[in-house]
Amino acid sequence: MVDWQFLALLAANGVLIGLMYALIALGFVLVYKATDAINFAQGELVMIAGFVVAVALAARAVPALAIALGVVGMAGFGFAVERLVLRPMIGRPVVAMIMATIGLAAVLRGAGPLLWGAETKALPLPVPDEPVALGPLLVPPVYLAGGAVSLLFLAAFGWFFLRSRPGIAMRAVADDQQVAMAMGIHVERYFALAWAMTGVVSALGGVLWGSLLGVDVHLALVGLKVFPVVILGGLDSIPGAVLGGLIVGVVENVAAGYVDPWVGGGTKDFAPYVLMILALMIRPYGIFGKRIIERV
């Protein structure tokens, strides 16, 4: 017999975790939409953001100020990365930009512990510890807060791309850079905007996941955990990032609840990659990704 209440609890927690995955996946989508390159330093940006906020909290800054410092600091850092590291790559093959992000990831992974220490730092959020009762379900408040924040910012970014002039210009740049330049769009400016927005997303992800896992060098692994989300949903789709995050969150949480007791744990670590492999076999461009066909 299936314990439906237990299944519903696992699925509900998976949905909230999936929304937090989707928020970080948005960083992949923003860079890919603007530059056609995959940002392999996304996890390291999340880690650096977590360190900044955790250190600010340890210095007795109020949580709102610490989070604002992290968001503004990471937006500026993203702008600086685009300006100093990636702008010289414009016009070169996409693989050159991808290799630059891999190198950036390695530098940041070493710089975080070097600057702030290798020990795990706490990142407490001002939310209660007692589970919240949603009908028959008991949900941790930090999951509810993380899901709410993720949903709010995902909706804000969705509106930005669909309704605002800068968002429409970024979509034009993503569709065809040469045509966008011919129409008078400052392509380099929108590259910088995409990376600044990626810094904001990374700061929010660093706060949410840092509060759950603690902040150390292992926090960067969240970026790899989120990679199956963008492959499943589509690298250039914000709705795909949301749906992919929800699918991965629910599947890994349900699988861990039912399979971990039989295998001794670890199901969450490989379930997303099983989904990614299946997605690449069946629909390699993702659920909402743009299908590109080249005839030869």
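Residues numbered from 1 in each chain as written. Predicted model: local features only at pLDDT ≥ 70, side-chain atom pairs only at ≥ 80, totals over all residues. Heavy atoms only, no water.

**A few points about the overall build of the protein chain**
Per the secondary structure count, the protein chain includes eleven helices and two strands. For the protein chain, the α and β elements follow one another from N to C terminus as α-α-α-α-β-β-α-α-α-α-α-α-α. For the protein chain, the C-alpha radius of gyration of 19 Å lies close to 19 Å, the compact-globule estimate for 296 residues. Its C-alpha atoms give the protein chain principal-axis dimensions of roughly 60 × 50 × 35 Å. (Helix = DSSP H or I, 4+ residues; strand = E, 2+ residues; numbered from the N terminus. Rg over C-alpha atoms; globule rule 2.2 N^0.38 Å.)

**Considerations on a nonpolar patch on the surface**
Together, Phe 270, Val 274, Ile 277, Leu 278, Met 281 and Ile 282 make up an exposed nonpolar region whose accessible area comes to about 640 Å². Along the chain, the position of Met 281 falls in helix α11 (residues 267-282). We classify Met 281 as exposed; its relative accessible area is 63%. (Patch = residues over 30% accessible without salt bridge, like charges linked within 9 Å, V, L, I, M, F, W, Y side chains within 5 Å. Areas by Shrake-Rupley, 256 points an atom, 1.4 Å probe, with all protein chains shown as cover. Salt bridge = Lys/Arg side-chain N within 4 Å of Asp/Glu carboxyl O. Buried < 20%, exposed > 50% of the residue type's maximum accessible area, 1.4 Å probe, protein only.)

**What about the packing of helix α1 (residues 4-35) against helix α10 (residues 238-263)?**
The geometry of α1 relative to α10 is characterised by a closest axis approach of 6 Å and an angle of 140° between their N-to-C directions. It follows that α1 is oblique to α10 by the angle criterion. The handedness of the crossing between α1 and α10 is right-handed. Here the contact of α1 with α10 is composed, by residue class, of 20 nonpolar, seven polar and one charged. (Axes fitted to C-alpha atoms, helices over the stretch in contact; angles between N-to-C directions. Parallel < 35°, antiparallel > 145°, perpendicular 65-115°, else oblique. Left-handed = near helix turned anticlockwise from the far one by under 90°. Nonpolar A, V, L, I, M, F, W, Y, C, P; charged D, E, K, R; others polar.)

**Quick word on the pattern of salt bridges**
Opposite charge on two side chains permits them to pair, given that their charged atoms come into close proximity. Counting across every chain of the model gives three salt bridges. In this structure, Lys 225 and Glu 252 form a salt bridge, with 3.5 Å as the shortest nitrogen-oxygen distance. Of this pair, Lys 225 sits in helix α9 (residues 221-233) while Glu 252 sits in helix α10, and the two are 27 residues apart along the sequence. Among the residues examined, Glu 252 registers a relative accessible area of 2% and is labelled buried.

**Things to note about unusual backbone geometry**
Its identity as a non-glycine residue notwithstanding, Arg 60 has a phi of 70°, on the positive side. One can find Arg 60 in the loop between α2 (42-58) and α3 (63-86).

**Considering α9**
Burial of α9 is extensive: eleven of the 13 residues sit out of reach of the surface. The set of residues buried in α9 consists of Val 222, Gly 223, Lys 225, Val 226, Phe 227, Pro 228, Val 229, Val 230, Ile 231, Leu 232 and Gly 233. For α9, the elements touching its buried residues are α1, α2, α8 (187-213), α10 and α11. Once α9 finishes, Gly 234 follows within two positions and takes phi at roughly 115°, a positive value. (Contact = heavy atoms within 4.5 Å.)

**Considerations on the packing of aromatic side chains**
Applying the stated criterion to the full structure yields six aromatic pairs. Between Phe 6 and Tyr 258, the aromatic rings sit 5.4 Å apart at their centres with planes inclined by 70°, giving edge-to-face as the arrangement. Separated by 252 residues along the polypeptide, Phe 6 in helix α1 and Tyr 258 in helix α10 bring together distant segments of the chain. Among the residues examined, Phe 6 registers a relative accessible area of 32% and is labelled partly exposed. When the ring of Phe 160 is compared with that of Phe 161, the centres are 5.5 Å apart and the planes differ by 80°; the resulting orientation is edge-to-face. Grouped by ring-pair contacts, the aromatic residues Phe 28, Phe 40 and Phe 227 constitute a single cluster. (Phe/Tyr/Trp six-rings, centres within 6.5 Å; stacked < 30°, edge-to-face > 60°.)

**With respect to the environment of Pro 284**
One can find Pro 284 in the segment after α11. Looking at Pro 284, the relative accessible area reads 49%, which means it is partly exposed. Residues Pro 284 and Ala 56, 228 residues apart in the sequence, show an inter-C-alpha distance of 42 Å.

**What to know about the side chain of Ser 202**
Counting through the fold element by element, Ser 202 comes out in helix α8. Given the relative accessible area of 0%, Ser 202 is considered buried. In this structure the side chain of Ser 202 is engaged in a polar contact, spanning 3.0 Å, whose partner is the side chain of Gln 42. Ignoring any residue separated from it by four or fewer positions in sequence, one finds Ser 202 in contact with Gln 42, Leu 45, Val 46 and Ala 49. (Polar contact = N/O pair within 3.5 Å; in protein donor to acceptor, adjacent residues only side chain to side chain.)

**With respect to the nonpolar core**
Core analysis: the largest hydrophobic core is formed by 84 residues, its most contacted members being Leu 123, Trp 209 and Val 226. Ranked by residue count, the leading element in this core is α1, at 15 residues. Look past the residues within four positions of Val 226 in its chain and what remains in contact with it is Tyr 21, Ile 24, Ala 25 and Phe 28. (Core = buried A, V, L, I, M, F, W, Y, C linked by side-chain atoms within 4.5 Å.)

**Quick look at the packing of α9 against α10**
Two numbers describe how α9 lies on α10: the axes approach to 7 Å, and their chain directions differ by 125°. Regarding the angle of α9 to α10, the classification is oblique. In terms of crossing hand, the pair formed by α9 and α10 is right-handed. On α10, the residues that touch Lys 225, Val 229, Leu 232 and Gly 233 of α9 are Gly 240, Ala 241, Gly 244, Gly 245, Ile 247, Val 248 and Glu 252. Taken together, the residues that form the contact of α9 with α10 break down as five nonpolar, four polar and two charged.

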